[in-house]
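# Reading the structure
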Amino acid sequence: MKILVVGGGGREHAIIRALKKSPACGEIWCAPGNGGIGYDAKCKDIKATDVEAMVAFAKQEAFDYVVVAQDDPLALGMVDALAEVGIPAFGPDRAAARIEASKVFAKDLMKKYGIPTAGYETFDDPAAALDFIRARDRWPVVIKADGLALGKGVLICEDVRQAEEGIKEIMLDKKFGASGNHVVVEEFLTGPEVSVLSFTDGKVVKPMVSSMDHKRANDGDTGLNTGGMGTVAPNPYYTPDVARRCMEEIFLPTIRAMQAEGCPFKGCLYFGLMITPDGPKVIEYNCRFGDPEAQVVLPLLDSDLLTVMTACTGGTLEDTEVRFRDGAAACVILASGGYPVRYEKGKEITGLTEGQLPGAEDVTVYHAGTAVQDGRLVTAGGRVLGVTAVADSLPAALERAYQAADRIRFDKMHRRSDIGRRALQALNVQE
Ligand code: AMP
Ligand code: GLY
């Protein structure tokens, strides 16, 4: 099969690496891709959000299958547009992608079908939102812009003053654009967070190995929220008992709810969960693989990713095996100093040969923001590389990932030094 992967970060690199293991995978392309992905796939410089140009390119190159890996093209209906020209694609159609693209849609779905989540109200009038918030006696409150906001449209407000400022930023100043026309105001939940990505064909859901993201920029979960500074899999808080409850109370009800609403979800549905004292609850849904969750989950997949993906598209997931190997994976993100606010690009990266660490079979370097300039690999984004190690245990995977990361250098490199620490603590408690 001739395959196109839409996107250009570490997640897309991980998908490409996994797809290439399939005997059925022929020529593979990535658009827009990046410098490091260029060692594994042909790259075509088309913006992931340019649906028209992407579909024209897919037709012209006669791709057999397209994997739309990024949220915004899914929300814009790229899968629908590809279907119109007869090209099958992995990912939800526009209607199903609303589960991520509209928080109001997602919250109303959960309320209607009794899926556990934080209590909430939605508002399109800033004055009404503020009246509601001022009358609250439980703090903090969480304010979320309705639409896609690059993971930044969530504010946790400790008091009325912060909430007033938040409503102003989102609804009046339109800090996140039209995303802020509607807001969700919700209850603050506590407990460890777990990411569970799942494959679904709209009828059957098969969860992948669980994972844990580290969203804050600095050690000790301090600093600004980022796209994710590192991940581990499996997540020790996702015990067999929690997994069973999630399947019964969250995963199956969500798949059935989407079917009942007339927008069955096909692709990778990402459950962002919090394990609260009252049980697991949904913090958010994403309509795609997580980044950098994919960089630890896919290396543990034993089954053939292309077979599983086409089964999701074709509605035959029930008969398709989705198996993960034992052991653990850890991914440490190497970012540009200053990320997620302001950072420089074009710094030379040393330590890698054709994008990988020579002599480290158990380590894969996924490229998130790199470019090749005059034959040199340079930084080209906030998150630059994701260094993933797979081993028999989490401590071993973390040790290998950090050893490998220490062999890579670029000016003003920033990484967290405590990825997996909480997971290790939880494992020790369980023992
Ligand atoms: P989201 O973009 O919805 O995943 O939110 C980003 C982060 O904000 C989450 O990963 C949580 O850490 C935090 N968060 C979101 N909603 C809540 C909530 N209701 N209670 C506590 N923390 C939350
Ligand atoms: N790592 C979180 C996300 O992909 O949304």
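Look above for the structure.
My aim in this report is to walk through the structure given alongside it, one point at a time. These numbers were taken from a predicted model, which means no experiment stands behind them.

## So, the site of ligand 1
The full set close to ligand 1 counts 15 residues, and Glu 186, Glu 187, Leu 189, Glu 193 and Glu 284 are the nearest of them. Contacts to ligand 1 include Glu 187, whose backbone N or O atom sits 2.9 Å from a nitrogen atom. One of the side-chain nitrogen or oxygen atoms of Glu 193 is found 2.4 Å away from an oxygen atom of ligand 1. Where the shell around ligand 1 is concerned, the elements lending two or more residues are strand S7 (141-145), strand S8 (154-157), strand S9 (183-187) and strand S17 (279-286). Its residues assigned to classes, the shell around ligand 1 comprises eight nonpolar, no polar and seven charged.

## Quick word on the site of ligand 2
Taken together, Asp 213, Gly 227, Tyr 270, Asn 286, Arg 288, Gly 290, Asp 291, Pro 292 and Glu 293 make up the full set of residues adjacent to ligand 2. Note that a nitrogen atom of ligand 2 is positioned 2.8 Å from one of the side-chain N or O atoms of Asp 213. Expressed as a share of its isolated accessible area of 190 Å², the protein-covered part of ligand 2 is 89%.

## Brief notes about the layout of surface pockets
Within this model, the second largest pocket holds a volume of roughly 250 Å³. When its residues are assigned to classes, the lining of the second largest pocket shows eight nonpolar, three polar and four charged.

## Here we look at helix H9 (residues 240-260)
Note that an α-helix has 3.6 residues per turn; residues three or four places apart therefore point the same way. The end-to-end C-alpha distance of H9, which contains 21 residues, comes to 28 Å, matching closely the 30 Å that a straight helix rising 1.5 Å per residue would cover. Val 242, Cys 246, Ile 250, Phe 251, Pro 253, Thr 254, Ile 255, Ala 257 and Met 258 are the residues of H9 that are buried. The elements touched by buried residues of H9 are helix H5 (94-101), helix H6 (103-113), strand S10 (193-200), strand S11 (205-207), strand S16 (267-276) and S17. Gly 262, located one to two residues past H9, shows a positive phi value of around 80°.

## With respect to the nonpolar core
One finds Leu 4, Val 66, Leu 82, Ile 99, Phe 251 and Tyr 285 to be the most contacted residues of the largest nonpolar core, which totals 49 residues. Broken down by element, the residue count for this core peaks at seven residues, all from H9. Residues contacting Tyr 285, with those up to four places away along its chain left out, are Ile 99, Glu 100, Ala 106, Met 110, Ile 115, Thr 254, Leu 269, Tyr 270 and Phe 271. In this structure, Ile 3, Ile 16, Ala 233 and Leu 317 belong to the second largest nonpolar core, which totals 45 residues.

## Here we look at the packing of helix H1 (residues 10-19) against helix H11 (residues 305-314)
Between H1 and H11, the shortest axis-to-axis distance is 8 Å and the interhelical angle comes to 105°. When the axis of H1 is compared with that of H11, the two are roughly perpendicular. From H1, Ile 15, Ala 18 and Leu 19 reach across to H11, where they touch Leu 305, Leu 306 and Met 309. The residue makeup of the contact of H1 with H11, split by class, is six nonpolar, no polar and no charged.

## Quick word on the pairing of strand S19 (residues 363-367)
S19 sits mainly inside the fold: five of its five residues count as buried. Judged by which residues are buried, S19 turns out to be covered on both faces: Val 363, Val 365 and His 367 on one side and Thr 364 and Tyr 366 on the other are all buried. Sheet topology note: the S19/strand S22 (residues 383-391) ladder contains five bridges and is antiparallel. Its bridge partner being in S22, Val 363 is matched across the sheet by Ala 389.

## Observations concerning helix H12 (residues 394-405)
Given a rise of 1.5 Å per residue, 12 residues ought to cover 16 Å, and the 16 Å separating the end C-alpha atoms of H12 matches this to within 8%. Where the residues of H12 are buried, they touch strand S15 (230-233), strand S18 (328-336), S19, S22 and helix H13 (421-430). Two to three positions downstream of the cap, the backbone nitrogen of Ala 396 sits 3.3 Å from a side-chain oxygen, assigning the N-cap of H12 to Ser 393.

## Some details on the sheet that holds S9
Paired through their backbone hydrogen bonds, the strands of a sheet run either parallel or antiparallel. With antiparallel pairing, the four strands of this open sheet are ordered in space as S6-S9-S7-S8. Strand pairing shows two members of the sheet lacking a second neighbour, strand S6 (120-123) and S8, which therefore form its edges. Looking at each pair of strands side by side, their axes are set apart by 20° on average, direction ignored. Inspection of the sheet shows S7 paired to S9 by five bridges, in the antiparallel sense. Looking at S9, one finds that Ala 145 is bridged to Val 183. In this fold helix H7 (residues 126-134) packs onto S6, S7 and S9, with an angle of close to 155° to the strand it touches most, S6.

## Concerning the side chain of Thr 231
Summarising the element assignment, Thr 231 is placed in strand S15. On the basis of relative accessible area, Thr 231 is assigned to the buried category, the value being 0%. Of the polar contacts made by the side chain of Thr 231, one reaches the backbone oxygen of Pro 292; its length is 2.9 Å. Excluding residues that lie within four positions of it along the chain, Thr 231 makes contacts with Met 212, Asp 213, His 214, Pro 292, Glu 293, Val 296, Ala 329, Ala 330, Cys 331 and Ile 419.

## Section: empty space enclosed by the protein
Tallied over the entire structure, the rule returns one cavity of 30 Å³ or more. Taken as a whole, the largest cavity holds about 80 Å³ of empty space. What lines the largest cavity is Ile 99, Glu 100, Lys 103, Ala 106, Lys 107, Met 110, Lys 144, Glu 186, Ile 283, Glu 284 and Tyr 285. Of all the elements in the fold, those that place two or more residues in the lining of the largest cavity are H5, H6 and S17. Ranked by the residues each element gives to the lining of the largest cavity, the list is headed by H6, at four residues.

How each quantity is defined
Starting from 1, residues in each chain are numbered consecutively following that chain's sequence as written. Chains carry letters from A onward and ligands carry numbers from 1 onward, assigned in written order. Residue-level local features of this predicted model are given only where pLDDT is at least 70; pairs of side-chain atoms are given and counted only at 80 or more, and the full residue set underlies all totals for whole chains, interfaces and linings. Neither water nor hydrogens contribute to the side-chain values; these are computed over all heavy atoms in the structure. To be near a molecule or strand, a residue needs just one of its heavy atoms within 4 Å of it. Polar contacts, as used here, are pairs of N or O atoms within 3.5 Å; protein pairs need one atom able to donate a hydrogen and one able to accept it. Residues neighboring in sequence count only if both atoms are side-chain atoms. Secondary structure counts use DSSP, requiring at least four H or I residues in a row for a helix and at least two E residues in a row for a strand, with both numbered from the N terminus. Side-chain classes follow a simple rule in which Ala, Val, Leu, Ile, Met, Phe, Trp, Tyr, Cys and Pro form the nonpolar group, Asp, Glu, Lys and Arg form the charged group, and the remainder, Gly included, forms the polar group. Method for areas: the Shrake-Rupley scheme with a 1.4 Å probe, in which residue coverage is limited to the protein chains shown. A 1.4 Å probe that fits into a set of points on a 1 Å grid over the protein atoms alone but cannot get out defines a cavity; an open set with protein on both sides within 12 Å along at least five of seven lines defines a pocket, and lining residues are those with an atom within 4 Å of a point. Grid points are joined across faces, edges and corners, and a volume is the space filled by probe spheres set on the points. For a helix, the expected span equals 1.5 Å multiplied by the residue count minus one. Relative accessibility under 20% of the residue-type maximum defines a buried residue, over 50% an exposed one, and the middle range a partly exposed one, all with a 1.4 Å probe and only protein chains included. We call two residues in contact whenever any of their non-hydrogen atoms come within 4.5 Å of each other. We call a set of buried Ala, Val, Leu, Ile, Met, Phe, Trp, Tyr and Cys residues a nonpolar core when their side-chain atoms join them within 4.5 Å. Fitting a line to C-alpha atoms yields each axis, with helices limited to the stretch in contact; the angle taken between N-to-C directions then spans 0 to 180 degrees. What sets the label is the angle itself: under 35 degrees gives roughly parallel, over 145 gives roughly antiparallel, 65 to 115 gives roughly perpendicular, and the rest give oblique. If DSSP finds at least two bridges between two strands, the strands pair.

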